[in-house]
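Chain and residue survey
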Amino acid sequence: MELYEDLLVQASHQLQIAEHMLNETYPFVKDPKMLPAIVERLYCALDYALTALLRCEHNHNRIPSYKDDFDEKCKIFKKTAKRYKLKSQYGLEEIRDLVVKHRQTQLAFARKENFVMVKNHKIDTLSLIRVKGFLSKTKIFIDDIRNQLRTQNV
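Quick summary incoming for the structure in this document. (Residues numbered from 1 in each chain as written. Predicted model: local features only at pLDDT ≥ 70, side-chain atom pairs only at ≥ 80, totals over all residues. Heavy atoms only, no water.)

This brings us to helix H3 (residues 70–84). The first and last C-alpha atoms of H3 sit 20 Å apart over 15 residues, in line with the 21 Å expected at 1.5 Å per residue. Of all the bends in H3, the largest measures some 30° and sits at lysine 78. The complete set of buried residues in H3 reads Phe70, Lys73, Cys74, Ile76, Phe77, Thr80, Ala81 and Tyr84. Where H3 is buried, its residues meet helix H2 (35–59), helix H4 (92–104) and helix H5 (128–151). A positive phi of about 60° marks lysine 85, the residue just after H3. (Helix = DSSP H or I, 4+ residues; strand = E, 2+ residues; numbered from the N terminus. Expected span 1.5 Å × (residues − 1). Bend = angle between axes of the 7 residues up to and from the residue. Buried < 20%, exposed > 50% of the residue type's maximum accessible area, 1.4 Å probe, protein only. Contact = heavy atoms within 4.5 Å.)

Below you can see the structure in the form of structure tokens.
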């Protein structure tokens, strides 16, 4: 139980940091360049929560060993989600894609209230509203994982 709880505590901590950055710091500085950093924190929170669930599953021999790779974890989660009656869509891949895109972007800049990323002539933008949507999905995901681990008496 301690390992899963530790991972969930770390997920909650990352979520709190992202929430503080979004609700307290961002309105004060009004710099769209903060938005990718907030999404990065949400990604970390999702990864910790996902790892907690999958380690629980693996320790109870419900899933085989897996690579510590976010794509692999997402695939296994989609199969496991049915067992726990969880939605398989929490924006996991979308948030991961944005983090990867930001890391590999060829050009990034702030435009009005958006953060614009350009990679291979494809444009993607982050807005305050979009990041708030990611925050709410991440909160729901972590709460759902926590509730499932508690009901399983892990």
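What follows is about the sheet that holds strand S3 (residues 122–126). Spatial strand order, S1-S2-S3: 3 strands in an open sheet with antiparallel pairing. Two strands lie at the open edges of the sheet, namely strand S1 (107–111) and S3, each paired on one side alone. Looking at each pair of strands side by side, their axes are set apart by 20° on average, direction ignored. (Pairing = 2+ DSSP bridges. Axes fitted to C-alpha atoms, helices over the stretch in contact; angles between N-to-C directions.)

Among the surface-exposed residues, Lys67, Lys75, Lys79 and Lys82 lie close enough to one another that they form a single positively charged patch. With respect to the helices and strands, the residue lysine 67 is situated in the loop between H2 and H3. Among the residues examined, lysine 67 registers a relative accessible area of 55% and is labelled exposed. (Patch = residues over 30% accessible without salt bridge, like charges linked within 9 Å, V, L, I, M, F, W, Y side chains within 5 Å. Areas by Shrake-Rupley, 256 points an atom, 1.4 Å probe, with all protein chains shown as cover. Salt bridge = Lys/Arg side-chain N within 4 Å of Asp/Glu carboxyl O. Lys, Arg positive; Asp, Glu negative; His and termini not counted. Charge placed at Lys NZ, Arg CZ, Asp CG, Glu CD.)

Attention shifts here to the packing of H2 against H3. One way to put it is that H2 packs onto H3 with a least axis distance of 10 Å and a crossing angle of 60°. In this view, H2 runs oblique relative to H3, as classed from their interaxial angle. The crossing of H2 and H3 is left-handed. Here Tyr43, Asp47, Leu50, Thr51, Leu53, Leu54 and Glu57 of H2 come into contact with H3, specifically with Phe70, Lys73, Cys74, Ile76, Phe77, Thr80, Arg83 and Tyr84. In terms of residue class, the contact of H2 with H3 is built from 9 nonpolar, 2 polar and 4 charged. (Parallel < 35°, antiparallel > 145°, perpendicular 65-115°, else oblique. Left-handed = near helix turned anticlockwise from the far one by under 90°. Nonpolar A, V, L, I, M, F, W, Y, C, P; charged D, E, K, R; others polar.)

What follows covers the pattern of salt bridges. For the coordinates displayed, the defined rule picks out 11 salt bridges. The salt bridge partner of arginine 146 is aspartate 143, with a shortest N-O separation of 3.6 Å. Here arginine 146 pairs with aspartate 143, and both are found in helix H5, just 3 residues apart, close to one helical turn. Given the relative accessible area of 41%, aspartate 143 is considered partly exposed. One continuous salt-bridge network, built from bridges that share partners, spans Asp47, Asp68 and Lys73.

All right, on to the pairing of strand S2 (residues 114–119) then. The pairing of S1 with S2 spans 5 bridges and is antiparallel. Bridge pairing in S2 places leucine 107 opposite valine 118. The hairpin formed by S1 and S2 contains 2 residues between the paired strands, and lysine 112 there has a positive phi angle of roughly 55°. With 5 bridges joining them, S2 and S3 adopt antiparallel strand pairing. Paired with valine 118 across the bridge in S3 is isoleucine 123.

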